[in-house]
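Notes for the structure review
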Amino acid sequence: MLSLDFLDDVRRMNKRQLYYQVLNFGMIVSSALMIWKGLMVITGSESPIVVVLSGSMEPAFHRGDLLFLTNRVEDPIRVGEIVVFRIEGREIPIVHRVLKIHEKQNGHIKFLTKGDNNAVDDRGLYKQGQHWLEKKDVVGRARGFYQENRSVENRNYLFLILEL
């Protein structure tokens, strides 16, 4: 019934009103895409905002928390830093903490990750034969987060914390 009401409203519009509505919708979609692309350029990350999908980083991050990422080439990866990375053959990026860094004499860096709530490191998640991640695997590094406070009194507060 809802879709029929919508169609009736569209039929009652003259052409100018219909074109105006389509144009407004197009402008909203275009603006959202421009903002997203702008964030990609500013942060250097293909995905400047990600949602935590699992409990592997609890208690630091819970399912549904938003992470704000940067991926600047000049910033070195450090132990303890939270990175979002992709593994070849998997669509969904993973949010985990850098556990160890292995630096070669030529300056090439490899690193190992682990979820805070996991008992073992992530080598079991990497593609077969891969024991370390490289900079090319990183989607971004967490620079801020947005989460709901899960208080005892069942009051919800939203937090936005950014590291600039």
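Residues numbered from 1 in each chain as written. Predicted model: local features only at pLDDT ≥ 70, side-chain atom pairs only at ≥ 80, totals over all residues. Heavy atoms only, no water.

The protein appears in an unreviewed UniProt entry as Signal peptidase complex catalytic subunit SEC11 from Cebus imitator. We quote the UniProt Subcellular location (unreviewed entry) comment for the protein here in full: "Endoplasmic reticulum membrane". (UniProt positions renumbered as here; feature names shortened; annotations may be inferred.)

**A short note on the overall build of the protein**
In terms of helices and strands, the protein carries two helices and eight strands. Listing the helices and strands of the protein from first to last along the sequence gives α-α-β-β-β-β-β-β-β-β. The proportion of buried residues among the 164 residues of the protein is 27%. When contacts within the protein are restricted to residue pairs at least 6 apart in sequence, those whose partners lie at least 24 apart make up 47%. (Helix = DSSP H or I, 4+ residues; strand = E, 2+ residues; numbered from the N terminus. Buried < 20%, exposed > 50% of the residue type's maximum accessible area, 1.4 Å probe, protein only. Contact = heavy atoms within 4.5 Å.)

**Focus on a nonpolar patch on the surface**
A cluster of nonpolar side chains, namely Phe25, Val29 and Leu33, defines an oily patch on the protein surface of about 310 Å² accessible area. Note that Leu33 resides in helix H2 (residues 15-43). With relative accessibility at 55%, the residue Leu33 sits in the exposed group. (Patch = residues over 30% accessible without salt bridge, like charges linked within 9 Å, V, L, I, M, F, W, Y side chains within 5 Å. Areas by Shrake-Rupley, 256 points an atom, 1.4 Å probe, with all protein chains shown as cover. Salt bridge = Lys/Arg side-chain N within 4 Å of Asp/Glu carboxyl O.)

**A short note on the pairing of strand E4 (residues 94-103)**
Here is the key point about a regular strand: its side chains alternate between the two faces of the sheet. Summarising the sheet, strand E3 (residues 82-85) and E4 pair through four bridges and their orientation is antiparallel. Directly across from Val84, in E4, lies its bridge partner Val95. One ladder, built from six bridges, connects E4 with strand E5 (residues 109-114); its direction is antiparallel. Paired with Arg97 across the bridge in E5 is Lys114. Hairpin remark: E4 followed by E5, antiparallel, with five residues in the connecting loop; positive phi at Gly107, about 95 degrees. (Pairing = 2+ DSSP bridges.)

**Here's the deal with the confidence of the model for the protein**
For the protein, the mean per-residue pLDDT works out to 84, and 87% of the residues sit at or above 70. When mean pLDDT is taken per element in the protein, E3 scores highest with 94 and strand E8 (residues 158-162) scores lowest with 54. (pLDDT = per-residue confidence, 0-100.)

**Considerations on the packing of aromatic side chains**
Taken as a whole, this structure holds two aromatic pairs when the rule is applied. With centroids separated by 5.3 Å and ring planes inclined at 75 degrees, the aromatic side chains of Phe61 and Phe145 adopt a geometry described as edge-to-face. Highlighted residues: Phe61 in the loop between strand E1 (49-51) and strand E2 (66-70) and Phe145 in strand E7 (residues 138-148), separated in sequence by 84 residues. On the basis of relative accessibility, which here comes to 17%, the residue Phe145 falls in the buried class. (Phe/Tyr/Trp six-rings, centres within 6.5 Å; stacked < 30°, edge-to-face > 60°.)

**Considering the nonpolar core**
Core analysis: the biggest nonpolar cluster contains 12 residues, these being Val50, Val52, Met57, Phe61, Leu67, Leu69, Ile82, Val84, Val95, Val139, Ala142 and Phe145. For this core, the secondary-structure elements that each account for two or more residues are E2, E3 and E7. Take this core: its biggest share by element is three residues, from E7. The next biggest cluster of nonpolar side chains, apart from the first, holds 11 residues, and it includes Val83, Phe85, Val98 and Leu133. (Core = buried A, V, L, I, M, F, W, Y, C linked by side-chain atoms within 4.5 Å.)

**Thoughts on the UniProt feature "transmembrane region" (unreviewed entry) in the protein**
The sites that UniProt annotates as "transmembrane region" (unreviewed entry) are residues 18-36. The distance separating the terminal C-alpha atoms of residues 18-36 is 27 Å; by composition the span is 100% helix and 0% strand.

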